[in-house]
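Inside the fold
Now for the letters of each chain:
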Amino acid sequence: MRNPQLNRNGELTHLLSIEGLPRAVINHVLDTAASYAPLAENEVKKVPLLHGKSVFNLFFENSTRTRTTFEIAAKRLSADVYNLNINASSASKGESLLDTINNLSAMQADLFVVRHASSGAPHLIAQHVAPHIHVINAGDGRHAHPTQGLLDMYTIRHYKKDFTNLTVAIVGDVLHSRVARSDIHALTTLGVPEVRVIAPLTLLPAGMESLGVKVFTDMAEGLKGVDVIIMLRLQNERMRGALLPSAQEYFKHYGLTQDKLALAAPDAIVMHPGPMNRGVEIDSSVADGKQAVILNQVTFGIAVRMAVMSIVAGA
Ligand code: CP
């Protein structure tokens, strides 16, 4: 079956998930983003690639980084941007998701950026809209957060240059993390030889090894010699029942402190998609330390989201 994100020529027309994307498509996004990154230094940061296009940001879940950087990215591409206030929209009166989409499409939408608590919502929208409308998944349930995965790859490539000699550790609440899934698919597609996940058993989905990763429940063992550490937030809002004794106990075993960071390669970088919970998954001295590239990830996210929007729109 054809990948629903690619057109008949194998070009990206929606971005719904990193799973199944060819390496060449991922590299095209990263290379395009690298060509946009220097714009940030210009007095005028805009290019006219999406001039006249209407981008609708539909965030049915809260967001700071993703929503704002999508808006900045769309404006830098000269698009007109509309941020639907979901709480004040007719979704709160019972209008269905697809009826909302139909009405926004009738307002000449060209591109929908969608975050939704339900896994698969962006796929549903992509199947429903007219062929000239593009859909970008900005995070759906536990399923995928493809632009976060792509900006994470951009960050790793920026600091480490070559994916094919790296050991990358993803640490924390893998069970509920759409970022972990997108990162794992991206890292394995780009040829990272060793991807580790480190978590307590209660926060690990079954069958992780089938994704091509090594599983560790011991943080010290898992961090030994790694080049990149991606920390994950405990997603309390997605947990059903108590999966951990307490946040303090979690920090003791899985929180990234300077002592634990010292087990990684001396030039290891520390990443986090945000929002961070200091003192739960990461100590402030690490989050603000010299190996952290967490705020750089946010900045790179603008160029990466510009790349994704311009590519899907064929600009
Ligand atoms: N990384 C991320 O998705 O952050 P936001 O929830 O703030 O968008």
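Each remark here, short or long, concerns the structure printed above.
Anyway, here's the lowdown on the structure attached to this text.

**A look at the pattern of salt bridges**
By the definition in use, this model includes eight salt bridges. Ionic pairing is found between Arg-178 and Glu-61, a salt bridge with its closest N-O pair at 3.0 Å. Taken as a pair, Arg-178 in helix H6 (residues 178-189) and Glu-61 in the loop between strand S1 (54-59) and helix H2 (65-76) lie far apart in primary sequence, 117 residues in all. Considered together, Arg-178 and Glu-61 belong to a single accessibility category, that of buried residues. Connected through shared salt-bridge partners, Arg-67, Glu-71 and Lys-75 make up one network.

**As for the pairing of strand S6 (residues 194-198)**
Most of S6 sits out of view: five of its five residues are buried. The alternating pattern of S6 places Glu-194, Arg-196 and Ile-198 and Val-195 and Val-197 on opposite faces, both of which are buried. Note: strand S5 (residues 167-171) against S6, five bridges, orientation parallel. Across the sheet, residue Ala-169 finds its bridge partner in S6, namely Arg-196. The handedness of the S5 to S6 crossover, carried by H6, is right-handed.

What counts and what doesn't
Residues numbered from 1 in each chain as written. Predicted model: local features only at pLDDT ≥ 70, side-chain atom pairs only at ≥ 80, totals over all residues. Heavy atoms only, no water. Salt bridge = Lys/Arg side-chain N within 4 Å of Asp/Glu carboxyl O. Helix = DSSP H or I, 4+ residues; strand = E, 2+ residues; numbered from the N terminus. Buried < 20%, exposed > 50% of the residue type's maximum accessible area, 1.4 Å probe, protein only. Pairing = 2+ DSSP bridges. Right-handed = clockwise from strand over helix to strand, strands pointing away.

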